[in-house]
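Each chain, letter by letter, is given below.
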Amino acid sequence: MSGAAVITGTETRDEDALSVPWNVVVHNDPVNLMSYVTMVFQRVLGFPRDRATRHMLEVHHKGRSLVWSGERERAEAIVEQLHGYLLLATIEQAEL
Amino acid sequence: MRFRRAASGSWELRDIHPLFASLLAELPKVASRHKKAQARLYPDPTGDAGDAQLRRDWKEHVRPGLERLFAGSRDIVARDLQSLGPHGQGNKVVIPDSHLDAWLNALNQARLIIVEENQLAESDLDHREPPDLATRRGLSLLKVHFYAHLQELLVEAAG
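Residues numbered from 1 in each chain as written. Chains lettered and ligands numbered in written order. Predicted model: local features only at pLDDT ≥ 70, side-chain atom pairs only at ≥ 80, totals over all residues. Heavy atoms only, no water.

Draft legend 1. Seen up close, the packing of helix α2 (residues 34-45) of chain A against helix α7 (residues 136-158) of chain B. Packing of α2(A) against α7(B) brings their axes to within 9 Å, and their N-to-C directions diverge by 30 degrees. What the angle tells us is that α2(A) and α7(B) run roughly parallel. In this structure, α2(A) meets α7(B) at a crossing whose hand is left-handed. Judged by residue contacts, S35(A), Y36(A), M39(A) and R43(A) of α2(A) engage Q151(B), E152(B), V155(B) and A158(B) from α7(B). Residue composition of the contact of α2(A) with α7(B), grouped by class: four nonpolar, two polar and two charged. (Axes fitted to C-alpha atoms, helices over the stretch in contact; angles between N-to-C directions. Helix = DSSP H or I, 4+ residues; strand = E, 2+ residues; numbered from the N terminus. Parallel < 35°, antiparallel > 145°, perpendicular 65-115°, else oblique. Left-handed = near helix turned anticlockwise from the far one by under 90°. Contact = heavy atoms within 4.5 Å. Nonpolar A, V, L, I, M, F, W, Y, C, P; charged D, E, K, R; others polar.)

And the structure:
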């Protein structure tokens, strides 16, 4: 019985971990041009121009912008694409 | 230097001053100097110091693809630049529409590498102070600004 209880507890924690979304965060760097970053956000994230510009400005002024949130696998794929465009991007798990 | 769309649909850089032609000619070579800019060109996918597994997986599975992408971009640009000759003697470059992304990528590689090699800070990169062309650092800034100017033109073209 005690073993079963342990397994149940573990499964619960895994489910919790899976349900917590992963964020894609883009960080500021002094080299990438504002127009280029806006273009990349439009292409990779499918943002309309005004939303892409808003996130670009957030990166520029605040040092980072959360641009996407969801499943980890997709978050990693987005970061890979952003690295292909030479943007500084990371994934991080959202706080509960 | 003029940048315009040709009747063929390609983009053309024409009437390129010899100084800028030489900077263009060396673009693929500059963009391939990855040694001192590894951390910036291939950044960590996570800021979480504890996620060593993701870093290992990234290095093993993602980085090779990025290296191929970057090398492929440099190769495309190098072919487009053949019209300039090895030292930039020519004054015209044709950029097919399908090559715009490769150009943007190679220009970005080159700018990031120059900044890393010369430890240029954000304050160095603003345009308020003209670079001192008597110094290596000033010449590096000139290259960064010239490549940025080209990037701006190409982003507009790609949009």
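Draft legend 2. Looking closely at the interface of chain A and chain B. In this complex, chain A contributes 24 residues to the contact, which on the side of chain B involves 29 residues. Summed over the three residues of chain A that lose the most area to chain B, namely V31(A), H83(A) and L86(A), the buried surface amounts to 30% of that side. Counting across the interface, chain A meets chain B through three salt bridges. Our count for the chain A to chain B interface comes out at nine residue pairs in polar contact (both at pLDDT 80 or more). Broken down by secondary-structure element, the contributors of at least two residues to the side of chain A that touches chain B are α2, α4 (72-84) and β3 (88-93) of chain A. Per element, the largest residue contribution to the side of chain A that touches chain B is six residues, and it comes from α4(A). Grouping the constituent residues of the side of chain A that touches chain B by class yields 12 nonpolar, seven polar and five charged. (Buried area = accessible area lost by both parts, 1.4 Å probe. Salt bridge = Lys/Arg side-chain N within 4 Å of Asp/Glu carboxyl O. Polar contact = N/O pair within 3.5 Å; in protein donor to acceptor, adjacent residues only side chain to side chain.)

Draft legend 3. Representation of the pairing of strand β2 (residues 11-14) of chain B within the structure. Residue and element names in this part refer to chain B. The sheet contact formed by strand β1 (residues 2-5) and β2 spans four bridges and is antiparallel. Within β2, the residue paired with F3 across the bridge is L13. Here β1 folds back onto β2, and the loop between the two strands holds five residues, one of which, G9, carries a positive phi near 100 degrees. In this sheet, strand β3 (residues 93-95) lies alongside β2 in antiparallel orientation, the contact comprising three bridges. (Pairing = 2+ DSSP bridges.)

Draft legend 4. Spatial organisation of the confidence of the model for chain A. Scored by pLDDT, chain A comes out at a mean of 86, with 81% of its residues at no less than 70. Segment residues 1-13 of chain A: pLDDT under 50, and zero contacts once partners within four positions in sequence are set aside and those in other chains are kept. (pLDDT = per-residue confidence, 0-100.)

Draft legend 5. Representation of the sheet that holds β1(B) within the structure. All names here are of chain B. The antiparallel open sheet is built from three strands, whose spatial order is β1-β2-β3. The open sheet has two free edges, formed respectively by β1 and β3, since each of these has just one partner strand. When strand polarity is set aside, the average angle formed by the axes of neighbouring strands in this sheet is 20 degrees.

Draft legend 6. The arrangement of the nonpolar core in detail. Among the nonpolar cores identified, the biggest contains 69 residues, and F41(A), L82(A), L24(B), V93(B), W103(B) and Y147(B) are the most heavily contacted of them. Excluding anything up to four places from it in sequence, L82(A) contacts V24(A), V26(A), V40(A), V44(A), L87(A) and A89(A). (Core = buried A, V, L, I, M, F, W, Y, C linked by side-chain atoms within 4.5 Å. Buried < 20%, exposed > 50% of the residue type's maximum accessible area, 1.4 Å probe, protein only.)

Draft legend 7. Region of interest: the environment of L19(B). Residues and elements named next belong to chain B. Take L19: it is sitting in helix α1 (residues 18-25). Judged by its relative accessible area of 39%, L19 is partly exposed. Residues L19 and Q89, spaced 70 residues apart in sequence, show a C-alpha to C-alpha distance of 9.6 Å.

Draft legend 8. The arrangement of the packing of aromatic side chains in detail. Enumeration over the complete set of coordinates arrives at five aromatic pairs over all chains. Consider the rings of F3(B) and W11(B), whose centres lie 5.2 Å apart with planes at 10 degrees: the pair is stacked. One Lys or Arg, R72(A), reaches over the ring of W22(A) and ends 4.3 Å from the middle of that ring. (Phe/Tyr/Trp six-rings, centres within 6.5 Å; stacked < 30°, edge-to-face > 60°. Lys NZ or Arg CZ within 6 Å of the ring centre and 35° of its normal.)

Draft legend 9. Broad picture of the layout of surface pockets. Its volume calculated, the largest pocket comes out at about 450 Å³. Taken together, 24 residues line the largest pocket, and the ones lying closest to its centre are P30(A), V31(A), N32(A), L33(A) and M34(A). Of all elements in the fold, only β1 (22-27), α2 and α3 (49-62) of chain A together with α6 (122-125) and α7 of chain B reach the threshold of two or more residues within the lining of the largest pocket. Looking at side-chain class alone, the lining of the largest pocket contains 12 nonpolar, seven polar and five charged residues. Taken as a whole, the second largest pocket encloses approximately 160 Å³ of empty space. (1 Å grid on protein atoms, 1.4 Å probe; cavity = no way out; pocket = protein on both sides within 12 Å on 5 of 7 lines; lining within 4 Å. Points joined across faces, edges and corners; volume = space filled by probe spheres on them.)

Draft legend 10. Main features of the pattern of salt bridges. This model, assessed by the stated rule, comprises 15 salt bridges over all chains. Between R43(A) and D101(B) there is a salt bridge, with its nearest N and O atoms 2.8 Å apart. Of the two residues, R43(A) is situated in helix α2 and D101(B) in helix α5 (residues 100-117); the pairing between them involves two chains. With its nearest N and O atoms 2.9 Å apart, the salt bridge here joins D44(B) to R55(B). Residue D44(B) is found in the loop between α3 (38-41) and α4 (52-80), and its partner R55(B) is found in helix α4; the two are separated by 11 residues along the sequence.

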